[in-house]
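Coordinate analysis (summary)
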Amino acid sequence: MELRAQHGLLKSLVAKKILMALTGLFLCLFLVVHLSGNLQLLIPGYSGRLQFNSYAVFMTHFPLIKIISYVLYLSIIIHVLDALVLTIRNRRARTVDYAVKSGYGSTFASRNMGILGSLILIFLVLHLANFWYKYKFGEMPYMVSPEGHYVSQKGEAIPGAVLKEGHLWVDGVDKGPAMKDLYEVVRLAFGQSWIVAIYVLSMIPLGYHLAHGFQSGFQTLGLRFGKAFSVIRVAGWLFAIIIPLGFAIIPLVFYFFPEKLN
Ligand code: HEM
């Protein structure tokens, strides 16, 4: 290949690596926010249900969060497509396969980022179809207070209200949108053993993917040197253990200890 063309290719590959690092670290940040939000599912009783459903309303209606959500969707798409291009380029560049697969200094996670990422992508498609798609476009249950009244999107139980096309009506007056019961959708899903198994098992590839990805992202951005080296290494390992564990605990509590949530 001509030298100039080679230089151009290298520059575009470096740009792709940087974009992967930036989108990957942004996705790490999303995981922290998403886990914190989801842990509200473990607050027992009606107040927990109300808090989680109100949080879902906030996350889907607040304009700034809506913009961040679009950045999130774009980041996922860029991260996946860049990973695909880089993997294909690496394969092509390496015309002769390694004699020994476990290269010096490489880890199980670093050698299998493509497979680990693909497993996470399969989980994500199932996950979004289960919750996100249903909440935004599917048929949803609506929230009812312990006294049996429908609850408005503002979190107020409205005595005597009837539900019509997602709105609450009292004596012909529209009292606004009703609160969708996302908590109930999650509770029903996590009452099924196969869904719980998928959620818990998927956290294993997520953990390995994060174990390499977190540190590698900082390294690509040139931020992993000197004292920061060991801090990022430890933070990476902690992140890769705590985040998947936090996510796995939620379906396990719903399945094995439902009475603790009443
Ligand atoms: C116990 C585990 C989890 C629970 C209970 C859970 C719950 C939910 C729910 C209820 C939604 C829909 C909320 C909405 O549309 O506002 C959602 C959206 C989403 N989840 Fe999860 N989630 C879990 C784990 C994960 C994991 C591990 C990932 C990533 C690997 C993930 C990625 C996403 C994404 C990207 C969205 C769309 C967010 C948006 O529209 O802004 N979730 N999740």
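Our structure's up above, just so we're on the same page.
A short note on the coordination of the iron atom of the ligand
Each donor-metal-donor angle in an ideal tetrahedron of four donors is 109.5 degrees, and each such angle in an ideal octahedron of six donors is either 90 or 180 degrees. Those donors, His34 (NE2) and His127 (NE2), are the protein atoms that reach the iron atom of the ligand, and they lie 1.9 to 2.1 Å from it. Between the six donor atoms coordinating the iron atom of the ligand, the angles at the centre fall across 88 to 179 degrees, so the site counts as octahedral. Here His127 lies in helix α5 (residues 113-137) and His34 lies in helix α1 (residues 3-38), a separation of 93 residues in the sequence. Judged by relative accessible area, which is 15%, His127 ranks as buried.

A few points about the packing of α1 against helix α7 (residues 193-220)
One can describe the packing of α1 onto α7 by two numbers: an axis separation of 9 Å at closest approach and a directional angle of 125 degrees. In this view, α1 runs oblique relative to α7, as classed from their interaxial angle. For α1 against α7, the interelement crossing comes out left-handed. In this structure, α1 contributes Lys17, Ile18, Ala21, Leu25, Cys28 and Leu31 to the contact, and α7 contributes Leu206, Leu210, Phe214, Ser216, Gly217, Phe218 and Thr220. Here the residues of the contact of α1 with α7 are counted per class, giving nine nonpolar, three polar and one charged.

Comments concerning the sheet that holds strand β3 (residues 162-164)
Picture the strands of a sheet paired through backbone hydrogen bonds; they go either parallel or antiparallel. Spatial ordering of the open sheet is given by β3-β4-β5, a layout of three strands whose pairing is antiparallel. The open sheet terminates on both sides in strands that have one partner only, identified here as β3 and β5 (173-177). Pairwise comparison of adjacent strand axes, ignoring direction, gives a mean angle of 35 degrees for this sheet. The sheet contact formed by β3 and strand β4 (residues 167-170) spans three bridges and is antiparallel. Its bridge partner lying in β4, Leu163 is registered against Leu168.

The rules we used
- Residues numbered from 1 in each chain as written.
- Predicted model: local features only at pLDDT ≥ 70, side-chain atom pairs only at ≥ 80, totals over all residues.
- Heavy atoms only, no water.
- Donors = N, O, S within 2.8 Å, 3.2 Å for Na, K, Ca; no water.
- Tetrahedral: all angles 85-135°; square planar, octahedral: opposite > 155°, others 65-115°.
- Helix = DSSP H or I, 4+ residues; strand = E, 2+ residues; numbered from the N terminus.
- Buried < 20%, exposed > 50% of the residue type's maximum accessible area, 1.4 Å probe, protein only.
- Axes fitted to C-alpha atoms, helices over the stretch in contact; angles between N-to-C directions.
- Parallel < 35°, antiparallel > 145°, perpendicular 65-115°, else oblique.
- Left-handed = near helix turned anticlockwise from the far one by under 90°.
- Contact = heavy atoms within 4.5 Å.
- Nonpolar A, V, L, I, M, F, W, Y, C, P; charged D, E, K, R; others polar.
- Pairing = 2+ DSSP bridges.

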